[in-house]
Amino acid sequence: RDKDDKYKIWMPKFLMAKEDKDQRKGSDDVERNIFKFKKSNAEKSKKMEKEEKFFRETFMYDKEINVINTATAECSVSSKRRVDLPVTAGEQLDVIDVTEGNVVICRNSEGRYGYVLVEHLNFR
């Protein structure tokens, strides 16, 4: 053992200098983590594209999809039809379009589209 090692003060990992942490990590670990992150984003965007395509075909929606407003669901509602969007209480929804009557077209965080009654939404 070196004399330096004998008198070296032990420090938790979170208090160590950034250079010391970089020396312990291999370059393979960093690349692997970046790859996993990109892969999950690719899968998510592919699912979003599929949902958007289904939405455009089902609703015959040819306009550009723009978020008009955001709303919070006040209560949980299950969908009775495929075109209705099932929502849970407290869920954040993007309002895409206003239709005739008391229904709006919304998108949830998973990328699914559907009709939601205005009575179930809270606009802030």
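So, a few notes on the structure that sits alongside this text. Given the structure is predicted, the values throughout are model-derived calculations rather than measurements. (Residues numbered from 1 in each chain as written. Predicted model: local features only at pLDDT ≥ 70, side-chain atom pairs only at ≥ 80, totals over all residues. Heavy atoms only, no water.)

Attention shifts here to the packing of aromatic side chains. The geometry of an aromatic ring pair comes down to the distance between the two centres and the angle between the two planes. A complete count under the given rule lists four aromatic pairs for this structure. With a centroid separation of 4.9 Å and an interplanar angle of 45 degrees, the aromatic rings of Phe-55 and Phe-59 are classed as tilted. With Phe-55 and Phe-59 both in helix H3 (residues 27–59), this residue pair falls four residues apart, about one helical turn. Note on accessibility: Phe-55 and Phe-59 belong to one class, buried. Seen in terms of ring centroids, Phe-55 and Tyr-113 are 4.3 Å apart; in terms of plane orientation they differ by 15 degrees. Their pairing is stacked. Here Phe-55 is found in helix H3, whereas its partner Tyr-113 is found in strand S4 (residues 113–117), with 58 residues between them in sequence. Tyr-113 carries the same exposure label as Phe-55, and that label is buried. A network of ring pairs unites the aromatic residues Phe-55, Phe-59, Tyr-61, Tyr-113 and Tyr-115 as a single cluster. (Phe/Tyr/Trp six-rings, centres within 6.5 Å; stacked < 30°, edge-to-face > 60°. Helix = DSSP H or I, 4+ residues; strand = E, 2+ residues; numbered from the N terminus. Buried < 20%, exposed > 50% of the residue type's maximum accessible area, 1.4 Å probe, protein only.)

There is a patch of like positive charges on the surface, built from Lys-44, Lys-46, Lys-47 and Lys-50. Along the chain, the position of Lys-50 falls in helix H3. With a relative accessible area of 64%, Lys-50 lands in the exposed category. (Patch = residues over 30% accessible without salt bridge, like charges linked within 9 Å, V, L, I, M, F, W, Y side chains within 5 Å. Areas by Shrake-Rupley, 256 points an atom, 1.4 Å probe, with all protein chains shown as cover. Salt bridge = Lys/Arg side-chain N within 4 Å of Asp/Glu carboxyl O. Lys, Arg positive; Asp, Glu negative; His and termini not counted. Charge placed at Lys NZ, Arg CZ, Asp CG, Glu CD.)

A few words on the pattern of salt bridges. One pass over the structure, following the stated rule, counts four salt bridges. Residue Asp-97 is joined to Lys-63 by a salt bridge in which the shortest nitrogen-to-oxygen separation is 3.0 Å. Separated by 34 residues along the polypeptide, Asp-97 in strand S2 (residues 92–98) and Lys-63 in the loop between H3 and strand S1 (69–73) bring together distant segments of the chain. The buried category is assigned to Asp-97, whose relative accessible area is 15%. For Lys-63, a relative accessible area of 44% gives the class partly exposed.

The strand order across the open sheet built from five strands is S4-S3-S2-S1-S5, with neighbouring strands paired in antiparallel fashion. Bordering the open sheet on either side are S4 and strand S5 (121–123), each of which pairs with just one other strand. When the angles between neighbouring strand axes are averaged without regard to direction, this sheet yields 50 degrees. Two elements, S1 and S5, share three bridges in a ladder whose sense is antiparallel. The residue of S5 that forms the bridge with Ala-71 is Phe-123. (Pairing = 2+ DSSP bridges. Axes fitted to C-alpha atoms, helices over the stretch in contact; angles between N-to-C directions.)

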